[in-house]
Every structure is written in C-alpha cells, then in structure tokens.
Amino acid sequence: MRKHFLFITLVALFLMVACGDDTKTTTDNNVTPDDEVADDVVVDETVTDDTTIDETVTDTVATDNAVTDETVTDETGDDILNDNEQPDEDMAPDPLVQHLVGVWAQKVELFADGNVPVVNDVVLRTDKIVRIIIKEEGGKAVLADRPQTCYMETVIVEGNSIAKTITTYFPEKFRNYFFYIPPEDLKDPKPALEYSGTPDNFSFKMNRWWEMRGAYFQGENGTTPFDIETEMITETDDPRIFDHDEDGKAGMTFEIKSSIASGLIWGVIKSYMEVTSTSAVNDRIEGSSLWQQYEMVIDVDNPLFAGDRTIQPHTEGNTMVMVRIDPADDCAAINEKKDTLFKK
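Chains are numbered independently. Their residues run from 1 in the order of the written sequence. Only residues with pLDDT of at least 70 are given local features in this predicted model, and only at 80 or more are side-chain atom pairs given and counted; all residues enter the totals for whole chains, interfaces and linings. Side-chain calculation: all heavy atoms of the structure are included, whereas hydrogens and water are not.

**Student:** Sorry if this is basic, but what is going on with the overall build of the chain here?
**Tutor:** The number of helices and strands found in the chain is six helices and 15 strands. Each of the 344 residues in the chain was classed as buried or not, and the buried ones make up 38%. Long-range pairs, those at least 24 residues apart, make up 66% of the contacts in the chain between residues at least 6 apart in sequence. Here the chain displays about 20300 Å² of accessible surface, and carbon together with sulfur accounts for 49% of that area. In DSSP terms, a helix is any run of H or I states spanning at least four residues, a strand is any run of E spanning at least two, and both are numbered starting from the N terminus. Think of it in three bands: with a 1.4 Å probe and only protein chains considered, a residue is buried below 20% of the maximum accessible area for its type, exposed above 50%, and partly exposed in between. Contacts were defined at the residue level, with two residues in contact if any of their heavy atoms lie within 4.5 Å. For the accessible areas, the method is Shrake-Rupley and the probe is 1.4 Å, while residue cover comes only from the protein chains on display.

If you want it as structure tokens, here you go:
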C-alpha cells in the first residue's frame, strides 16, 4: 500500500512540474490589474525543482513597490499618509488656536442711560466678570461651555447725590440661571469665536449671543414660543413667566441698595452682548462691547422701586479686558483678585 501511495505521489509531482507554465498563466489571468500600480508584474519563476513545489506559486501575484500613490486608505476608508509624505499645511496645528486654548477671565464695563424710580435720569455702569474656557475642536478654537458669570453689579455714575449711592446686586442664580442662545442658533448664525493672526498679534471676537431670564421662549411646558431677537414679555400675567431662580417668586430676583432704601425686584430680563478686540497680544486682549437689555418688572417688595425702568445702552465706551488665568482659578479665586487681575 505504501509503495502504491508513493507511486501516485511521484506521478502527481511529475504532472505538476510538466504543467507548471500553464498554472502560472492561469494565475496571471485571474489577477485584476490596479490602475494606480505603475510597476510591471514580476512573476517569481525560480521554483523549478522537480521534487519541491512552493505552494505560494498559485497565490495572488505580488509586485514590487505596488503602492505608488501619495496617500493610501486604511480599513475604514480614511486617507492616511505614507512614510514619505509631508503633512498638508491645512492639517498642521494653528498656533493661534493652540494659544487661545485655556482658561480666561473677562471683564466688561457696560454703560447705559437709564430712567429709574426715585432718582429718574441717570447713567449706569454694569461691571461683569466671566470665566471662559476655550478648547480645540476640529482644529478650531471653540467655547467649551457658555461663559460662567463670577461677578456682576450695577452702579450709578451720573445722577444726583442719592442716585450715586444706589447699587444693584445680582445673586449667583441671577448670574448663571438663564437660557443661553449662542451665535450659531440665531437667524444670522455665526461661530461663537472668530480670530486671526499670530499669538503675539491677533484679532479676537465673541459674536453676539442672547440670554433670557425669567420666562420661557421656546414653547417649554406647552407655552407659546416667541422670537428672542425681536419679541419680549410685556404683561405680568403672561403664562410664560416662571420662577427661574427657584426662590418662590415668579421671574428672576435682583436687589437694590441705596442710602435711603433697599429692596428686592422680580422681573423678566433678556439681553445680548458681543465683544471685539482692539488689541490682542499674548495673554491679554483689550477691546469693546456691544450690548442691549430689555426688562419688565413683575413685582417689588418696596413701593419706592415700583414703576417702569428703562435702560438705553451706550453704543460706544463699553470696555472689555480679557486675561489668561490659571485653570485652577475658579470664580472665588477670580473675585478675590478682581481689583488687580485686569490691570496692566
């Protein structure tokens, strides 16, 4: 039996050697040429030993330097660079983006003409400090989250002697409980941040965003939506008003203190702001602010403050300073050094 097997094996080997050229021809006919492969197909014909057959002869024929394109694709279909290709300039990190990434503190001083109960015509200044986190996403600098307001109060800088003693305080919930409408969601959508230049000389802008306090505006809880950019709550019994700061009173609460009286005010407030740099060098950005505010008083706990309040923001003279800070600095740390943090 063993001799019979050996005889059959030798016959088979003899037939394979005799037909070797035909086998190669069949294999080559089954290879689909790659239009992008410029090299000639090289067939390995070194296997001619009558007793040893390399079974790889029937495998798909390999070619030298088969990949000649500048890019190839991985298994997911995404382009990858070969070893000899230089990165595209568009793929290189933007130095300004890398510079902007981090944590910044921003202070704005916002001026307005106002007519308020008790003291009538005045000029007000609102100081507002926010903590801003910028991250890199898709090669661009973007806001990691909406700005966090650390400090905010309004003083009267022009008016009678009583008026100049009035300060409006905004508690933490007023500062940070609001509906944020980013620039991307407005009718004329824009990115939250725009910038250009180099880290030692660049321009920087935070495009207009809106804040809504004390009322629903997108149809929440079955209410009727309204256009945040053009409409405003005007009636104190509007069903869209709600207790936004969760203190048991409808609307949003802020406090007024003066030399003659103090009291709480509950209202609905919507506002927008945008900031633009006039000088941006390294870790300091200086510029201007454009803002607007609309408010409706719902109730007061001191009758002296009852009545309409009108605010007409100035279109010029509103300042902005923005400085890089230690990422570990929270609002408490920022407020502790707010009197010196923004000075040159």
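**Student:** How should the state of the cysteines be read in this particular structure?
**Tutor:** Where two cysteines share a covalent bond between their sulfur atoms, that bond is called a disulfide. A pair of sulfur atoms, both from cysteines and within 2.5 Å, is called a disulfide here. Enumeration over the complete set of coordinates arrives at one disulfide. Here cysteine 150 is linked by a disulfide to cysteine 331, with a sulfur-sulfur distance of 2.0 Å. On the sign convention where negative means left-handed, the S-S torsion of about -65 degrees between cysteine 150 and cysteine 331 marks this disulfide as left-handed. Here cysteine 331 lies in helix α5 (residues 331-336) and cysteine 150 lies in strand β6 (residues 148-158), a separation of 181 residues in the sequence.

**Student:** Please clarify how a nonpolar patch on the surface should be interpreted in this entry.
**Tutor:** Two joining distances apply to patches: 9 Å for like charges and 5 Å for nonpolar side chains (Val, Leu, Ile, Met, Phe, Trp, Tyr), and every residue must have over 30% relative accessible area and no salt bridge. We define a salt bridge as a side-chain nitrogen of Lys or Arg found within 4 Å of a carboxyl oxygen belonging to Asp or Glu. The grouping of Val118, Ile162, Ile260 and Leu304 at the surface amounts to a nonpolar patch, some 310 Å² of accessible area in total. Along the chain, leucine 304 falls in the loop between β13 (284-300) and β14 (310-313). Residue leucine 304 is classed as partly exposed on the basis of its relative accessible area of 42%.

**Student:** Sorry if this is basic, but what is going on with the nonpolar core here?
**Tutor:** Generally speaking, nonpolar side chains in soluble globular proteins are found buried as a group. What makes a nonpolar core is a set of buried Ala, Val, Leu, Ile, Met, Phe, Trp, Tyr and Cys residues whose side-chain atoms join them at distances within 4.5 Å. Core analysis: the biggest nonpolar cluster contains 44 residues, and Leu100, Ile134, Phe204, Met206, Ile285 and Met322 have the highest contact counts within it. The residues contacting leucine 100, other than those within four sequence positions of it, are Ile134, Ala141, Tyr195, Phe202, Phe204 and Arg324. Membership of the second largest hydrophobic core comes to 13 residues, among which are Leu186, Ile241, Tyr272 and Met296.

**Student:** Looking at this structure, how should I read the packing of aromatic side chains?
**Tutor:** For any two aromatic rings, the description comes down to two numbers: the centre-to-centre distance and the angle of the planes. Ring pairs shown here join Phe, Tyr and Trp side chains whose ring centres sit within 6.5 Å, with only the six-membered ring taken for Trp; geometry is labelled stacked below 30 degrees between planes, edge-to-face above 60, and tilted in between. This structure, assessed with the given rule, holds nine aromatic pairs. For the pair tryptophan 210 and tyrosine 272, a centre-to-centre distance of 4.9 Å together with 70 degrees between the ring planes defines the contact as edge-to-face. Of this pair, tryptophan 210 sits in strand β10 (residues 201-213) while tyrosine 272 sits in strand β12 (residues 262-281), placing them 62 residues apart in sequence. Classification of tryptophan 210 by relative accessible area gives buried; the value is 3%. Taking 4.0 Å as the distance between ring centres and 0 degrees as the angle between the ring planes, the aromatic pair formed by tyrosine 216 and phenylalanine 242 counts as stacked. Of this pair, tyrosine 216 sits in the loop between β10 and β11 (252-257) while phenylalanine 242 is found in the loop between β10 and β11, placing the two residues 26 residues apart along the sequence. Residues tyrosine 216 and phenylalanine 242 agree in their burial class; the two are buried. Put simply, the rings of Phe179, Tyr216, Phe217, Phe226 and Phe242 touch in pairs and so form one group of aromatic residues. Lying across the ring of tyrosine 272, arginine 208 places its NZ or CZ 3.8 Å from the centre. Distance and angle both matter: a charge sits over a ring if NZ of Lys or CZ of Arg is within 6 Å of the ring centre and within 35 degrees of the ring normal.

**Student:** Would you mind going over the side chain of glutamate 220 with me for this structure?
**Tutor:** Structurally, glutamate 220 is set in the loop between β10 and β11. A residue counts as positive if it is Lys or Arg and as negative if it is Asp or Glu; His and the chain ends are not included. Nearest to the buried, unbridged glutamate 220 among oppositely charged side chains is arginine 240, at 8.5 Å.

**Student:** Would you mind going over the environment of isoleucine 325 with me for this structure?
**Tutor:** Structurally, isoleucine 325 is set in the loop between β15 (319-324) and α5. Taking C-alpha positions, isoleucine 325 is 5.8 Å from valine 103, a pair spaced 222 residues apart along the chain. The residues touching isoleucine 325, leaving out its near neighbours within four places in the chain, are Val103, Trp104, Ala105, Ile334 and Leu341.

**Student:** I keep staring at the pairing of β11 and nothing clicks. Help me out?
**Tutor:** The side chains of a regular strand alternate, first on one face of the sheet and then on the other. A pair of strands is labelled paired if DSSP reports no fewer than 2 bridges between them. Bridge count between strand β7 (residues 167-169) and β11: three bridges; the pairing is antiparallel. Each bridged residue has a counterpart across the sheet, and for threonine 167 the counterpart in β11 is lysine 257. In the sheet, β11 pairs with β12 via six bridges, with the strands oriented antiparallel. When the sheet's bridge partners are listed, glutamate 255 is paired in β12 with leucine 264.

**Student:** Would you mind showing me how to read unusual backbone geometry here?
**Tutor:** A negative phi holds for most residues other than glycine; trans holds for most peptide bonds. Non-glycine residue asparagine 120 carries a positive phi angle of around 60 degrees. When you line up the elements, asparagine 120 lands in strand β4 (residues 120-137). Given the relative accessible area of 47%, asparagine 120 is considered partly exposed. In this structure, asparagine 221 is a non-glycine residue whose phi angle is positive, near 55 degrees. The residue asparagine 221 is located in the loop between β10 and β11 in this model. Judged by relative accessible area, asparagine 221 falls into the exposed class, the value being 67%.

**Student:** Looking at this model, I keep getting lost on the environment of proline 183. Mind explaining?
**Tutor:** With respect to the helices, strands and loops of the structure, proline 183 is situated in the loop between β8 (179-181) and β9 (193-198). On the accessibility criterion, proline 183 (3% relative accessible area) is buried. Proline 183 sits 24 residues away from asparagine 207 along the chain, and the two C-alpha atoms are 6.1 Å apart. With near-sequence residues (within four places) excluded, proline 183 lies in contact with Asp188, Pro189, Lys190, Pro191, Ala192, Asn207, Arg208 and Trp209.

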